[in-house]
Amino acid sequence: MFDSVRTRLTFWYVGVLTLVLVAFSFGVYALLAGNLERRTDAGLHAALDSMKHLLGYERAEGDSELEAARNTVAELRYPHMALAVYTADGQLLAETLAEGDLHATLPLAPSDVHETLRLLTRPDARTTKEDRLRVAVQRVRALPTDAPNLIVALQSLETMNEELTSLRQVFLVAVPLALALAGLGGWFLARKALTPVVSMSEQARRISASNLEERLPVANPRDELGRLAGTFNELLARLNVSFDQQRQFMADASHELRTPLSVMHTTAEVTLQRAHRAESEYRDALVLMDAQTQRLARIVTDMFTLARADAGHRPIEPTDFYLDELLAETVRAAQVLGERSGVKVSVEPCAETIFHGDEGLLRQMLLNLLDNSIKHTPSGGQVSITLAQRDGVIEFVVADSGSGIPLEAQPHIFERFYRVDEARSRSVQNGATVNGKSSGAGLGLSIARWVAEAHGGSISLVQSDPAGTTFSVELPLRETS
Ligand code: ADP
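Since the structure is predicted, the reported quantities are computational estimates derived from the model, not experimental observations.

Below, the discussion takes up a nonpolar patch on the surface. Together, F232, L235, L239 and F243 line one region of the surface with nonpolar side chains, adding up to about 300 Å² of accessible area. Its location among the elements puts F232 in helix α4 (residues 224-273). For F232, a relative accessible area of 33% translates into the label partly exposed.

With phi around 50°, D101 is a residue other than glycine that occupies positive phi space. The residue D101 is located in the loop between β2 (92-96) and β3 (118-123) in this model. The backbone of F417 sits at a positive phi, close to 65°, despite the residue not being glycine. Looking at the secondary structure, you find F417 in the loop between β10 (393-400) and α8 (422-427). Using a relative accessible area of 5% as the deciding quantity, one classes F417 as buried.

Another aspect to go through is the sheet that holds strand β5 (residues 149-156). Pairing within the open sheet is antiparallel, and its 5 strands lie in the order β2-β1-β5-β4-β3. Each edge of the open sheet carries a strand with a single partner, namely β2 and β3. Each adjacent strand pair in this sheet contributes to an overall mean axis angle of 20°, direction not counted. Bridge count for β3 against strand β4 (residues 132-140) is 6 bridges, and the pairing is antiparallel. For L120, the partnering residue across the bridge sits in β4 and is V135.

Residues L323, L362, M365, I385, F396, V473 and L475 are the most contacted members of the largest nonpolar core, which totals 45 residues. Looking at this core, the elements with two or more residues in it are α4, α5 (279-311), α6 (323-340), α7 (359-375), β9 (382-390), β10, α9 (444-454) and β14 (468-476). The greatest single-element share of this core, amounting to 7 residues, is contributed by α7. Those residues in contact with L323, other than ones at most four positions away along the chain, are T353, F355, L387, I394 and F396. If you look at the next biggest cluster of nonpolar residues, it comprises 20 residues, including L44, V85, A94 and A153.

We now examine the packing of α5 against α9. Remark: α5 packs on α9, axes separated minimally by 10 Å, with the N-to-C direction vectors making an angle of 35°. The handedness of the crossing between α5 and α9 comes out as left-handed. Each of D302, T305, L306 and A309 in α5 lies in contact with α9, whose residues at this interface are S446, I447 and W450. Across the contact of α5 with α9, the residue classes tally to 4 nonpolar, 2 polar and 1 charged.

What follows deals with the packing of aromatic side chains. Counting across every chain of the model gives 4 aromatic pairs. Ring geometry for W187 and F188: centres 5.7 Å apart, planes at 80°, overall edge-to-face. Here the aromatic rings of F321 and F355 are separated by 6.1 Å at their centres, their planes lie at 70°, and the arrangement is edge-to-face. In this pair, F321 is assigned in strand β6 (residues 319-322) and F355 in strand β8 (residues 354-357), connecting sequence segments 34 residues apart.

Moving on: the site of the ligand. In the region of the ligand, 21 residues are neighbours, and N372, D400, V420, G442 and L445 sit closest. D400 places a polar side-chain atom, nitrogen or oxygen, 2.9 Å from a nitrogen atom of the ligand. G444 places a main-chain nitrogen or oxygen 3.3 Å from an oxygen atom of the ligand. Calculation on the ligand without its partners gives an accessible area of 540 Å², and the protein chains cover 98% of this total.

Conventions and cut-offs
- Residue numbers here run from 1 along each chain, matching the order of that chain's written sequence.
- In keeping with the predicted nature of the model, local features appear solely for residues at pLDDT of at least 70, side-chain atom pairs appear and are counted solely at 80 or more, and the whole-chain, interface and lining totals rest on all residues.
- The side-chain quantities take in all heavy atoms of the structure and omit both hydrogens and water.
- Residues enter patches when their relative accessible area tops 30% and they take part in no salt bridge; the joining distance is 9 Å for like charges and 5 Å for the nonpolar side chains Val, Leu, Ile, Met, Phe, Trp and Tyr.
- Note on areas: Shrake-Rupley with a 1.4 Å probe; residue coverage comes only from the protein chains shown.
- Criterion for a salt bridge: a side-chain nitrogen of Lys or Arg within 4 Å of a carboxyl oxygen of Asp or Glu.
- Secondary structure follows DSSP: runs of H or I at least 4 residues long count as helices, runs of E at least 2 residues long count as strands, and numbering of each begins at the N terminus.
- Remark: exposure states derive from per-residue accessible area (1.4 Å probe, protein chains only) relative to the maximum for the residue type, with buried under 20%, exposed over 50%, and partly exposed in between.
- At least two DSSP bridges between two strands are required for those strands to pair.
- To define axes, lines are fitted to C-alpha atoms, for helices over the stretch in contact only, and angles between the resulting N-to-C directions are given on a 0 to 180 degree scale.
- Residues enter a nonpolar core if they are buried and are Ala, Val, Leu, Ile, Met, Phe, Trp, Tyr or Cys, with the set joined through side-chain atoms within 4.5 Å.
- Between two residues, a contact is recorded if the distance between any of their heavy atoms is within 4.5 Å.
- If you view the pair so one helix is near and one far, a crossing is left-handed when the near helix is turned anticlockwise from the far one by less than a right angle, and right-handed when it is turned clockwise.
- Gly counts as polar in this scheme, as do all residues outside two lists: the nonpolar Ala, Val, Leu, Ile, Met, Phe, Trp, Tyr, Cys and Pro, and the charged Asp, Glu, Lys and Arg.
- Under the pairing criterion, centres of Phe, Tyr and Trp rings, with the six-membered ring standing for Trp, must be within 6.5 Å; the plane angle then separates stacked pairs below 30 degrees from edge-to-face pairs above 60, leaving the rest tilted.
- One heavy atom within 4 Å of a molecule or strand makes the whole residue count as near it.
- N or O atoms within 3.5 Å of each other form a polar contact, as long as, within protein, one can give a hydrogen and the other can take it, and as long as residues adjacent in sequence are counted only when both atoms are side-chain atoms.

In short, shape yes, function no, at least from these values alone.
Next comes the structure, spelled out in structure tokens:
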């Protein structure tokens, strides 16, 4: 039961309200009881003061002690108060009774009554109830020359107790009633406030990888629950995009792998159709299959690199190394490729530059760029690469005199599996070729971009037209260790 937020909220609410109401009731009760007691005492005090003055007045008028006492109690009549005048040794001189035949008896031994007024509470001998009596007593002298008298005023606390009892009864009924109503109201409020959470969780339970485009209901986008649903929906949108990318990646990958595999299968099938063939025919078939195997291997390696990069399993492993040396090394490898297809690869001399980064990945990035340039430059053409350093940034510029990238293809070249020559290469039975050279799977520039970005840099196509293409890579110079 306590596993529900609604129930817990209601219990907390009722608990706090109980504390407040109980404290409030006790406070009001104590205040009223104190006020009533003070009012009774003030009444008794005033009665004794009046008796004292009246006694003095009567005696001054010449009345005897007994007459003065009788006149005093006769003149001062309070319906709820009993009054009495005693001699100093406790003999009753005169008294008036209060309602209910209440006598103002001496509450103390005469010798214990002093000139300062004393207030006492005594049990009411007339009733079995818990009602008590409040008594004020004082030793007074009517005239300075007179013997002292003891004056007593007494009042029952029954009325006060009745008032307090009815207040207690009101509290005993009203507080539980208020708590029950508040609890019920709190439960309904919590239920109403949490209804969006229930519908959100029901909807969230229905969402899986197959319907990631669905969203949680947002009742009010500005309140806390609305913001929570909004944040959750944004998360779903991001997941949906990345699921779509994964699906696209899988579809493109299988598509790319199918072409070389079917070329290999067809080659083997055609070659084996006849029982005997010339050795040169077997050799041609094997050369073709070898080219397709190499292509497959490159596609798989590229896919593996990107898949690990996406999964975060290929963090960059930075070391300090000489960038100019890496460039020279990469250019030497590219020159070998270039020589085969009659393309001249040149590098501008550059200053010694220490760089902090992943040497292996940067080599792959430069090779991808140079490889693309060589592939798309016809025999007799040129490819150049320069390395420059300015304002804490390293810039590589790779330029070629190749065929260029069509304008409509330029925004897409960094997308995975995007190839300008795709339509052409697919129609060729023996696989993808450009200028007679084997084409990739459209992953080379994606990898180059990831490497540049993983180093905090960027890659861009500077210009491309039928006279040639220029790519630029900018990398921030990091602290060398
Ligand atoms: P691939 O690995 O198949 O070469 P890339 O991602 O490296 O794929 O390149 C994507 C497309 O961009 C290629 O199909 C190619 O047509 C085009 N491209 C890249 N570099 C050049 C270049 N220097 N000259 C002309 N076209 C280029």
